[in-house]
Amino acid sequence: MSQAARPICDYEGSAYRTEFWGEGREYEDAVERVALRHLLPPTGRRLMEIGAGYGRLIPLYDGYDEVVILDYALSQLRQAQELWGEAAPGGRPRYVYVAADFYRLPFAPGIFDAVTMVRVLHHAADAPAVLCGVAQVLAPRGTFVLEFANKCNLKAILRYLARRQDWSPFDQEPVEFVKLNFDFHPAWIRERLSEVELRVQTMRTVSHFRLDLLKRLLPAKLLVTLDRWLQPTGAWWQLTPSVFVRCAARAEKETAPAGVFFRCPVCGSVKLVDEGYALACAECQTRFTVRDGIYDFKTPLEGRAG
């Protein structure tokens with residue numbers, strides 16, 4: 001898919017924090033935290049969350065010296081700033097707020113010890129391109145924790161067998177069930193990760209009890225406990241609506257020189273000059289706004305650096 005043809009799902013101005021996570025999803029939030037705590041190395045130098053939104057999962061990254069909070073929506077990043085500020089109590093980790101799309105990550109190669117992406121890939125019309133970008137910015141042996149919406153979940157299988165659903169959950173190709181909302185087959189995800197040399201280490205199945213009736217009848221704490229017990233079965237089969245994967249980058253790969261952080265998303269150069277209110281690419285002369293603590297790589301400034 002060409003770069004121009006890649007649509008972006010934009011949460012700008014949405015009430016995602018209050019309307020989606022405000023109430024009724026305590027169970028989903030808790031079991032995703034369980035999975036992430038299990039899969040993510042507890043400490044490291046630098047971590048990035050892609051599609052972090054308002055920063056729901058930021059407390060899980062306290063063991064990292066630097067945390068990059070990346071989202072496409074500036075309004076979501078401003079909410080994250082309000083919640084987390086520049087640094088956590090004690091002075092670390094320091095948070096870096098970046099507005100960019102996940103097809104053109106504005107970072108030098110090999111600089112992240114860990115990357116997480118939760119509830120994001122299902123918005124990718126070109127998921128292989130997103131995964132390729134992640135593989136580039138991971139450090140040698142770096143960890144990637146990915147969550148994806150599972151096409152081959154039990155509910156979809158039952159609906160298909162009952163002829164209440166047109167698309168087959170057994171077909172490995174992604175399905176776009178709503179505009180810019182995709183479900184993926186676990187086997188297809190494994191193949192795409194292998195193509196960009198990200199080695200799958202383990203899978204965990206999450207949200208085994210994502211049914212409104214069960215959530216109304218049973219305490220969330222009980223459902224979370226049961227889900228925690230069942231998550232390791234994801235190493236053998238994946239029938240839940242949500243699946244988490246932990247991958248490792250290869251041991252030998254390209255890394256940026258010490259001190260290099262950003263990369264121009266237009267031409268790929270790592271020679272960016274800090275002008276205070278903007279970052280200017282020394283190669284293609286494109287400039288990107290730095291305003292109120294947010295690096296904005298979405299829309300280049302008009303005019304050239306000079």
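Note that the structure is a prediction, hence the values are computed from the model and not measured.

Procedures and definitions
- Residues numbered from 1 in each chain as written.
- Predicted model: local features only at pLDDT ≥ 70, side-chain atom pairs only at ≥ 80, totals over all residues.
- Heavy atoms only, no water.
- Helix = DSSP H or I, 4+ residues; strand = E, 2+ residues; numbered from the N terminus.
- Contact = heavy atoms within 4.5 Å.
- Core = buried A, V, L, I, M, F, W, Y, C linked by side-chain atoms within 4.5 Å.
- Buried < 20%, exposed > 50% of the residue type's maximum accessible area, 1.4 Å probe, protein only.
- Phe/Tyr/Trp six-rings, centres within 6.5 Å; stacked < 30°, edge-to-face > 60°.
- Lys NZ or Arg CZ within 6 Å of the ring centre and 35° of its normal.
- Patch = residues over 30% accessible without salt bridge, like charges linked within 9 Å, V, L, I, M, F, W, Y side chains within 5 Å.
- Areas by Shrake-Rupley, 256 points an atom, 1.4 Å probe, with all protein chains shown as cover.
- Salt bridge = Lys/Arg side-chain N within 4 Å of Asp/Glu carboxyl O.

Asker: It is not clear to me how the environment of Pro140 should be interpreted in this structure. Could you clarify?
Answerer: Within the fold, Pro140 resides in strand β5 (residues 138-149). Linking Pro140 and Lys155, residues 15 residues apart in sequence, is a C-alpha distance of 38 Å. Leaving out residues up to four positions away in the same chain, Pro140 has contacts with Arg250, Ala251, Lys253 and Thr255.

Asker: Looking at this structure, I do not really get the nonpolar core. What am I missing?
Answerer: Within soluble globular proteins, side chains that are nonpolar generally end up buried alongside one another. Ranked by size, the top nonpolar core spans 53 residues in total, and within it Met48, Phe107, Leu121 and Phe144 carry the most contacts. Tallying contributions element by element places helix α4 (residues 127-137) first for this core, with seven residues. If near-sequence neighbours (up to four positions away) are discounted, Leu121 is found in contact with Ala127, Val130, Leu131, Leu146, Glu147, Phe148, Phe184 and Ile189. In terms of nonpolar packing, the next biggest core, distinct from the first, is built from 31 residues, Val34, Tyr95, Ala99 and Ala114 among them.

Asker: Explain the packing of aromatic side chains to me, please; I cannot follow it from the model alone.
Answerer: How two aromatic rings sit relative to each other is given by the distance of their centres and the angle of their planes. Throughout the structure, instances matching the rule amount to 17 aromatic pairs. Residues Phe102 and Tyr103 carry aromatic rings whose centres are separated by 4.8 Å and whose planes lie at 70° to one another, so their mutual orientation is edge-to-face. Measuring from ring centre to ring centre gives 5.0 Å for Phe288 and Phe297, while their planes differ by 40°; the resulting arrangement is tilted. Neither Phe288 nor Phe297 differs from the other in exposure class; each is buried. Through pairs of rings, three or more aromatic residues link up here, namely Phe107, Phe112, Phe261, Phe262, Phe288, Tyr295 and Phe297. Looking at Arg25, its charged tip hangs above the ring of Phe20, at a distance of 3.8 Å from the centre. Its end group placed over the ring of Trp21, Arg56 keeps NZ or CZ at 4.0 Å from the ring centre.

Asker: Would you mind going over a nonpolar patch on the surface with me for this structure?
Answerer: Taken together, the side chains of Leu154, Leu158, Trp236, Trp237 and Leu239 define a hydrophobic patch exposed on the protein surface, amounting to about 590 Å² of accessible area. The residue Trp236 is located in the loop between α8 (220-230) and β9 (242-249) in this model. For Trp236, a relative accessible area of 63% corresponds to the exposed category.

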